[in-house]
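Residue strings, one per chain:
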Amino acid sequence: MSIKNVSVIGAGTMGNGIAHVFAQSGFSVTLIDVNTAQLEKAIATISKNFDRQIAKGSITEEIKAISLANITTSTDIAEGVKNAELVVEAATENTELKLKIFKSIDDAAPAGCILATNTSSISITKIATVTKHPEQVIGMHFMNPVPVMKLVEIINGYATKKEVTDAIVELSKQLGKIPCVANDYPGFIANRILMPMINEAIYSLYEDVAGVEAIDTIMKLGMAHPMGPLQLADFIGLDICLSILKVLHEGFGNPKYAPCPLLVNMVAAGRLGVKSGEGFYVYTAGSKELVVSGSFK
Ligand SMILES: NC(=O)c1ccc[n+]([C@@H]2O[C@H](COP(=O)([O-])OP(=O)(O)OC[C@H]3O[C@@H](n4cnc5c(N)ncnc54)[C@H](O)[C@@H]3O)[C@@H](O)[C@H]2O)c1
């Protein structure tokens, strides 16, 4: 399987990072979003992130120019995927939306095109059912920020054929990433293990076993984690953590995945972490200082 043309659907946080790494590795990339302003913002972000790499000395101005020239944008899925050998979908995490997008890709992409999704929690097997070729559908789960994080969690749907998995493993290596393959069960591997840890950290706070700083410091210094679980939850978004825990809870029917009532309350109150300005910590624009939220002092 020779892959040269890649279409990325969704130009948000993940989509712009995915377009960045493919373009830098010499692929021809079509970045697609329903929102024109989002496409413009994505190109500006990619350009800024290339500048950061130049400042660190990891790429040159010339590589930046070549890589940016590898990216074109489109607001039309049918047009944007018509020459693709691989589509990576990174649109908003919503099952109905993804099913609709995969139906459109399946109708418009050339025969033999691999259809990948960057979903964090939606079943690959379910997404594949709306296509004519479920054996060509696979999970390609990049981590945030994509240009920096080495892992690609590759997820086989129930019907994914081995040739497709092998091609995505090889391709991930070409991007300079380290691929790991898992099968399609709720949360795959990354979130199945991460989210119960975050939930347990929130339970420890809820039950007053320790405070925010103590919980995060114990996990940082004791386990050599770069970030404590509460800070990480703020970074991911507490609404996202809640929704992934619900997928695990429903998918396995096991009470051990039930989201902590404190997490449920914080999401209901709009305390979503970094993106809302407050979660377990308070975030002030321009400041890197980690300040515990007044609710937990
Ligand atoms: N943010 C993370 O840390 C992270 C990490 C791993 C995986 N993911 C997954 O990546 C995917 C994208 O997440 P994100 O954080 O980049 O979201 P985001 O909200 O930043 O971006 C989503 C983009 O999808 C676009 N979009 C919505 N409907 C569309 C359509 N019909 N066609 C084309 N574009 C459409 C939106 O305009 C938006 O630009 C989700 O499935 C998410 O679960 C996110």
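Definitions and cut-offs
Residues numbered from 1 in each chain as written. Predicted model: local features only at pLDDT ≥ 70, side-chain atom pairs only at ≥ 80, totals over all residues. Heavy atoms only, no water. Helix = DSSP H or I, 4+ residues; strand = E, 2+ residues; numbered from the N terminus. Rg over C-alpha atoms; globule rule 2.2 N^0.38 Å. Buried < 20%, exposed > 50% of the residue type's maximum accessible area, 1.4 Å probe, protein only. Contact = heavy atoms within 4.5 Å. Areas by Shrake-Rupley, 256 points an atom, 1.4 Å probe, with all protein chains shown as cover. Axes fitted to C-alpha atoms, helices over the stretch in contact; angles between N-to-C directions. Parallel < 35°, antiparallel > 145°, perpendicular 65-115°, else oblique. Left-handed = near helix turned anticlockwise from the far one by under 90°. Near = heavy atom within 4 Å. Polar contact = N/O pair within 3.5 Å; in protein donor to acceptor, adjacent residues only side chain to side chain. Nonpolar A, V, L, I, M, F, W, Y, C, P; charged D, E, K, R; others polar. Pairing = 2+ DSSP bridges. Patch = residues over 30% accessible without salt bridge, like charges linked within 9 Å, V, L, I, M, F, W, Y side chains within 5 Å. Salt bridge = Lys/Arg side-chain N within 4 Å of Asp/Glu carboxyl O. Lys, Arg positive; Asp, Glu negative; His and termini not counted. Charge placed at Lys NZ, Arg CZ, Asp CG, Glu CD. Phe/Tyr/Trp six-rings, centres within 6.5 Å; stacked < 30°, edge-to-face > 60°. Expected span 1.5 Å × (residues − 1). Disulfide = S-S within 2.5 Å.

### Some details on the overall build of the protein chain
When helices and strands are counted, the protein chain shows 12 helices and 10 strands. Rg of the C-alpha trace for the protein chain: 20 Å, near the compact-globule value of 19 Å for 297 residues, within the 12% margin. Summarising its shape, the C-alpha atoms of the protein chain cover approximately 55 × 45 × 35 Å along the three principal directions. Going through the 297 residues of the protein chain one by one, you find that 45% of them count as buried. In the protein chain, of all internal contacts separated by at least 6 residues, the share reaching a separation of at least 24 is 66%. Accessible surface for the protein chain amounts to roughly 14400 Å². Of this, 56% is attributable to carbon and sulfur atoms.

### Re the packing of helix H1 (residues 13-24) against helix H2 (residues 36-56)
Between H1 and H2, whose axes approach to 10 Å, the crossing angle comes to 55°. Taken as axis vectors, H1 and H2 run oblique relative to one another. At the point where H1 passes H2, the crossing takes the right-handed sense. Along its contact with H1, which presents Asn-16, Ala-19, His-20 and Gln-24, the element H2 presents Ala-42, Thr-45, Ile-46, Asn-49, Phe-50 and Gln-53.

### Regarding the site of the ligand
Around the ligand, the surrounding shell holds 22 residues, and the nearest of these are Met-14, Asp-33, Glu-93, Lys-98 and Ser-120. For the ligand, an oxygen atom lies 2.8 Å from a polar atom in the side chain of Lys-98. Between an oxygen atom of the ligand and a side-chain N or O atom of Ser-120, the distance comes to 2.8 Å. In the complex, 78% of the free accessible area of the ligand, which totals 830 Å², lies under the protein chains. Contributions of two or more residues to the shell around the ligand are made by H1, helix H5 (95-108) and strand E6 (137-142). The residue inventory of the shell around the ligand, partitioned by class, reads nine nonpolar, 10 polar and three charged.

### Side note on the sheet that holds strand E2 (residues 28-32)
Reading across the sheet, the eight strands line up as E3-E2-E1-E4-E5-E6-E7-E8 and stay open at both edges, with mixed pairing between neighbours. Of all strands in the sheet, those with a lone pairing partner are strand E3 (71-74) and strand E8 (178-183), marking the two edges. Taken over all neighbouring pairs, the strand axes of this sheet differ in orientation by 25° on average, direction set aside. Summarising the sheet, strand E4 (residues 86-89) and strand E5 (residues 114-117) pair through four bridges and their orientation is parallel.

### Side note on a positive patch on the surface
On the surface, Lys-48, Arg-52, Lys-56 and Lys-288 cluster together into a patch of positive charge. With respect to the helices, strands and loops of the structure, Lys-56 is situated in helix H2.

### A short note on the side chain of Ser-172
Within the secondary structure, Ser-172 sits in helix H7 (residues 162-174). You can call Ser-172 buried: its relative accessible area is 0%. Not counting chain neighbours up to four residues away, the residues in contact with Ser-172 comprise Met-140, Val-152, Ile-154, Lys-177 and Pro-179.

### Examining the packing of aromatic side chains
Counting across every chain of the model gives five aromatic pairs. Three or more aromatic residues joined by ring pairs make a cluster, and in this case those are Phe-22, Phe-27 and Phe-142.

### Side note on H7
For H7, which comprises 13 residues, the first-to-last C-alpha distance of 18 Å matches the rise-based estimate of 18 Å (1.5 Å per residue) to within 8%. Every buried residue belonging to H7 is among Val-164, Thr-165, Ala-167, Ile-168, Val-169, Leu-171 and Ser-172, and all of these are buried. With its phi angle positive at about 80°, Gly-176 sits one or two positions after the end of H7.

### Brief notes about the state of the cysteines
Scanning the entire structure with this criterion turns up zero disulfides. This cysteine, Cys-260, is not joined by any disulfide, and Cys-241 carries the nearest cysteine sulfur, 12 Å off. A relative accessible area of 0% places Cys-260 in the buried class.

### Some words on the packing of helix H10 (residues 229-236) against helix H11 (residues 238-252)
The packing of two helices is summarised by the inter-axis angle and the distance between the axes. For the pair H10 and H11, interaxial distance at closest approach is 6 Å and the crossing angle is 100°. Put simply, H10 runs roughly perpendicular to H11. Seen from H10, the contacting residues are Ala-233, Asp-234 and Ile-236; seen from H11, they are Leu-238, Ile-240 and Cys-241. A breakdown of the residues in the contact of H10 with H11 according to their chemical character gives five nonpolar, no polar and one charged.

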